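Residue-level structure breakdown
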Amino acid sequence: MITFVNQLDSTMDLEQLDSLYSLVKAPELFGRYITNSDIEKCLEKFPKSMISTIGYSVEKRPIYCVKFGHGPIKILLWSQMHGNESTTTKALFDCFNLFETKNKIPNSILETCTLCVVPILNPDGAIRYTRINANGIDLNRDAQDLSQPESNVLRKVFESFQPNYCLNLHGQRTIYGVGDTGISATMSFLSPSQDEARSLTPGRKCAMAVIASINELLQKVIPGGIGRYDDSFNLNCVGDTFQNFGVPTLLFESGHYPKDYDREEVRRLTFIAIIKALQVISEGVDDSNYQDYFKIPENSKSFYDIIIRNARVLGTDNEIADIAIQYKEVLKKDTLKFEPVVEAIVKLNEFYGHKEIDAKGGLVKTTDNMGLKTSCENDFVLVNNRKILLLPENYSV
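Anyway, here's the lowdown on the structure attached to this text. Source: prediction; values computed, not measured. (Residues numbered from 1 in each chain as written. Predicted model: local features only at pLDDT ≥ 70, side-chain atom pairs only at ≥ 80, totals over all residues. Heavy atoms only, no water.)

1. Quick notes on the overall build of the protein chain
As a reminder of what qualifies: For the purposes of this entry, the term helix denotes a DSSP run of H or I that reaches at least four residues, the term strand denotes a run of E that reaches at least two, and both are numbered from the N terminus. Here a residue-residue contact requires only that any non-hydrogen atoms of the pair lie within 4.5 Å. Just so you know, the count uses Lys and Arg for positive and Asp and Glu for negative, and it drops His and the chain ends. Lys charges are placed at NZ, Arg charges at CZ, Asp charges at CG and Glu charges at CD.
Counting secondary structure elements, the protein chain contains nine helices and 17 strands. Seen through its principal axes, the protein chain has C-alpha atoms that stretch 70 × 45 × 45 Å. Sequence separation of 24 or more characterises 76% of the internal contacts of the protein chain that already satisfy a separation of 6 or more. Considering the protein chain, the positive charge centre built from 43 side chains and the negative charge centre built from 51 side chains are found 4 Å apart.

If you want it as structure tokens, here you go:
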């Protein structure tokens, strides 16, 4: 699939998208907990003719679809297949607001493309802030069994819409880094495999070429901060299934940016990535640059939210170790809370912390003068009797 390539300068693209973003960011959506009731406030602004209810969840919550454009290239996008992965949903509504402007970038996309967008595929999981649906099923492992109503809704949309491209929009945990660089994987991408051999089929090459263009642009904002997911084949996954059907499919994973636990900065980057993908597709994908996709390092599980280095821990014979702390995300009374949980007390030479504290051989203990233990929550610790808060910085609670 080789047609005309994008001739716009990528730096100018970035400047344009950044300036547009400040004007179109949906103010109704903020933070990590995004549900149907949140997006319904946004949907009220758009003509009813663009919005449809394409099905219902296990608990009979509506699954919405929004359509934009009238061009021959059909693109299917869906978000919050996992209910607790909401960054891409926020970015989609920012894109929707952009589509409603008269700017040349969205106009060129909508003249050549028709977009079918499912903003929240798993509304039951969204309201519970869980990855799974109300039946406890991971919808992204249900592509073959189609055992869940949400899975069937997406498949029916796929079959009726017959897309030329698919954008599978997700969020990833803070544990991911870019290879062994010590840089957080702020955004990650994947062109899913189409078969067990992970063959470089025309569809995969097209998806790879689009991702390569996104990567080239985002490197100007977050140099080194882009990762690539492992492409082991799993036909139970939706992306692998749609790629297996011969439709170029791109997996987006919105990750962690320093101190951005509300995922608002990553929201902006996701907006830029989605618009760039649509722009490249609308102007024609040149798959000759697909090999640039492999220049993106693979993701690694190499981060904790906090690492306290060089610590003596009460009750461990004064051995020097590192303390790994990971946030557990807990929904309490419709508010997302982060609970700092001790994951490991060992030397962590091959791991990085989004925040690192050097105890310099000092004693680390709880505020009750107890020793730290794995799997236990601690909002504060004492490092050499100095009280340190372990909750995220710049996170709205």
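2. So, helix α7 (residues 202-218)
The α-helix advances 3.6 residues per turn, and as a result positions three or four apart in sequence lie on the same side. Put simply, the test is: One less than the residue count of a helix, multiplied by 1.5 Å, gives the span that helix is expected to have. For each residue, the accessible area found with a 1.4 Å probe, counting protein chains only, is set against the maximum for its type, and the residue is called buried under 20%, exposed over 50%, and partly exposed in between.
An ideal rise of 1.5 Å per residue puts 24 Å on 17 residues; α7 measures up with 25 Å between its terminal C-alpha atoms. Counted residue by residue, α7 has 14 buried out of 17 residues, so it is predominantly covered.

3. Considering the packing of helix α4 (residues 104-112) against helix α9 (residues 265-283)
Which entries qualify depends on this criterion: All axes here are fitted lines through C-alpha atoms, helices being fitted over the stretch that makes contact, and every angle between N-to-C directions spans 0 to 180 degrees. Angle categories are assigned with fixed cut-offs, so that under 35 degrees is roughly parallel, over 145 is roughly antiparallel, 65 to 115 is roughly perpendicular, and the rest are oblique. The hand of a helix crossing depends on one turn: near helix anticlockwise from the far one by less than a right angle means left-handed, and clockwise means right-handed.
It is the contact of α4 with α9, at a shortest axis distance of 9 Å, that shows an interaxial angle of 50 degrees. Classified by the angle their axes make, α4 and α9 are oblique. Seen from above, α4 lies across α9 with left-handed handedness. For the pair α4 and α9, the contacting residues are Ile 105, Ser 108, Ile 109 and Thr 112 in the first and Ile 275, Leu 278, Gln 279 and Ser 282 in the second.

4. A word on helix α3 (residues 87-99)
Relative to the 18 Å expected for 13 residues at 1.5 Å per residue, α3 spans 19 Å between its end C-alpha atoms, a close match to the ideal helical length. With 13 of its 13 residues buried, α3 lies for the most part within the structure.

5. Observations regarding the sheet that holds strand β4 (residues 113-118)
To keep things clear, this is the line we draw: One bridge is not enough; two strands pair if DSSP finds at least two bridges between them.
The strand order β1-β2-β4-β3-β5-β9-β7-β8 describes an open sheet built from eight strands, whose pairing is mixed. For this open sheet the edge positions go to β1 (51-56) and β8 (226-228), each flanked by a neighbour on one side alone. For this sheet, the mean angle separating the axes of adjacent strands, direction not counted, is 20 degrees. Where strand β7 (residues 187-190) meets strand β9 (residues 249-254), four bridges bridge the pair, whose relative direction is antiparallel. Note on β9: the bridge partner recorded for Phe 189 is Phe 252.

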